[in-house]
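# Architecture and fold: a report
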Amino acid sequence: MRARSGAVSGIAGIAAALALVTACTVSDGHSTGPTSPSATTPAPGSPSVLTGKPGAAGRVLAVKIDNVGAARPATGLNDADLVYGIEVEGGLSRIMAVFDSSHLPATVGPVRSARETDLQLLGQYDKPALAFSGAQSHLLPVLKSSTNITAVTGTGAFFRKQGRPAPHNEYLHTKGLADRAGIAKDIGLRFAAEPPAGGTAGSTATAAMPSARFAFTWNGTQYQVAMDGTRSPWTADNVIIQHVKVKESRFHSRTGYVPFSQTVGSGTATVLRDGKAYAAHWNRPTESAGTAFTLAGGGPATLHPGRTWVILEP
């Protein structure tokens, strides 16, 4: 695990193995009691299981998005309920943006290829649509036949945007792409208007991959996102730096090592909300289960209702 600066220095890695304790989504800062992440579809009047905001979430569309310098800025990230930062070849990062079909942006991009990590990560959702530009030749049929996702690739929804160099110019019209996807289910996130007790105050935090870096700066209301030292237009209400084991994917590339970030299992995490950082532990026992985040001192690591970035840091 790498050391990091700002709010998270000195707290990452101190979380020990904890019991799986989570609380139902709430809006008043009080838990309704312990529970495990549920696989049931919420009632129409419930808060969104993805953001904790009023109104049950609809169907889910996930999109793989390019994140090298030549591809920035991307389109549509501030409309995503969740944004994942994932390691790919060469230690670079790629993004997966998860959208609720009830508030999709018209276009998203630039779209890039899928990886084995995506299949396991999305197993905790209810067969979301995953839009991607392609995949390794042996992985592609696995993606298309997977029960974890509804694969969307090679359709008329994809288009090339003028003024951008290939391969960073493939974009996506989102209309109708989530129609065959599952409705959002509980993936383990817990929300509360008031932050948990404790935490370490601080304005900045970083997460790193071998050749990529994310920085998050609290501006008093949200976290401003910077990537590889450059400020972006993107913001987040919460940030989770989830420390994961990375091994070589079984779907190899001619260009070298393909990372597979393991999101089933357990490990440490740092949760950022309201200008504070919390040492936490994550646990996901099976591929179909949600991911529970608990505080190092016990109890759920509740998030501020809103949008969350999750960085899968090796």
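Quantities reported herein were computed from a predicted structural model and do not represent experimental measurements.

Here we come to the environment of Ala301. Residue placement: Ala301 occurs in the loop between β21 (292-295) and β22 (308-313). Along the backbone, Ala301 and Ala192 are 109 residues apart, and their C-alpha atoms lie at a distance of 9.4 Å. When neighbours within four sequence positions are excluded, Ala301 is seen to be in contact with Arg190, Val271, Ala280, Phe293, Thr294 and Leu295.

Moving on: the sheet that holds strand β9 (residues 158-160). With antiparallel pairing, the 3 strands of this open sheet are ordered in space as β6-β10-β9. What marks the edges here is a single partner per strand, and that holds for β6 (107-108) and β9. As paired strands, β6 and strand β10 (residues 170-173) are joined by 2 bridges and run antiparallel to one another. Counterpart to Val108 in the pairing with β10 is Leu172.

This next bit is on unusual backbone geometry. Cis geometry marks the peptide bond from Arg72 to Pro73, where omega comes out at -5°. When you line up the elements, Pro73 lands in the loop between β3 (60-65) and β4 (82-87). Put simply, Gly109 and Pro110 share a cis peptide bond, and its omega is -5°. Here the phi dihedral of Lys127 falls at roughly 45°; this positive angle occurs in a residue that is not glycine. Mapped onto the elements, Lys127 comes out in the loop between α1 (116-122) and β7 (129-131). For Asp228, which is not a glycine, the phi torsion comes out positive at approximately 55°. Among the structural elements, Asp228 can be located in the loop between β14 (223-227) and β15 (230-236).

Below, the discussion takes up the pairing of strand β12 (residues 204-209). Counting buried positions along β12 gives 5 out of 6 residues, so the element sits mostly inside the fold. Sheet topology note: the β12/strand β13 (residues 212-218) ladder contains 6 bridges and is antiparallel. Residue pairing for β13: Met209 is matched across the bridge by Ala212. The loop that links β12 with its antiparallel partner β13 comprises 2 residues.

Residue position: Arg94 is located in strand β5 (residues 93-100). Buried charge without a partner: Arg94 forms no salt bridge, and the closest opposite charge is Asp66, 4.6 Å away. If sequence neighbours within four positions are ignored, Arg94 has contacts with Lys64, Ile65, Asn67, Tyr84, Gly85, Ile86, Val88, Arg112, Ser113 and Arg115.

Rules and cut-offs
Residues numbered from 1 in each chain as written. Predicted model: local features only at pLDDT ≥ 70, side-chain atom pairs only at ≥ 80, totals over all residues. Heavy atoms only, no water. Helix = DSSP H or I, 4+ residues; strand = E, 2+ residues; numbered from the N terminus. Contact = heavy atoms within 4.5 Å. Pairing = 2+ DSSP bridges. Buried < 20%, exposed > 50% of the residue type's maximum accessible area, 1.4 Å probe, protein only. Lys, Arg positive; Asp, Glu negative; His and termini not counted. Salt bridge = Lys/Arg side-chain N within 4 Å of Asp/Glu carboxyl O.

Purely spatial values, then, with no claim about function.
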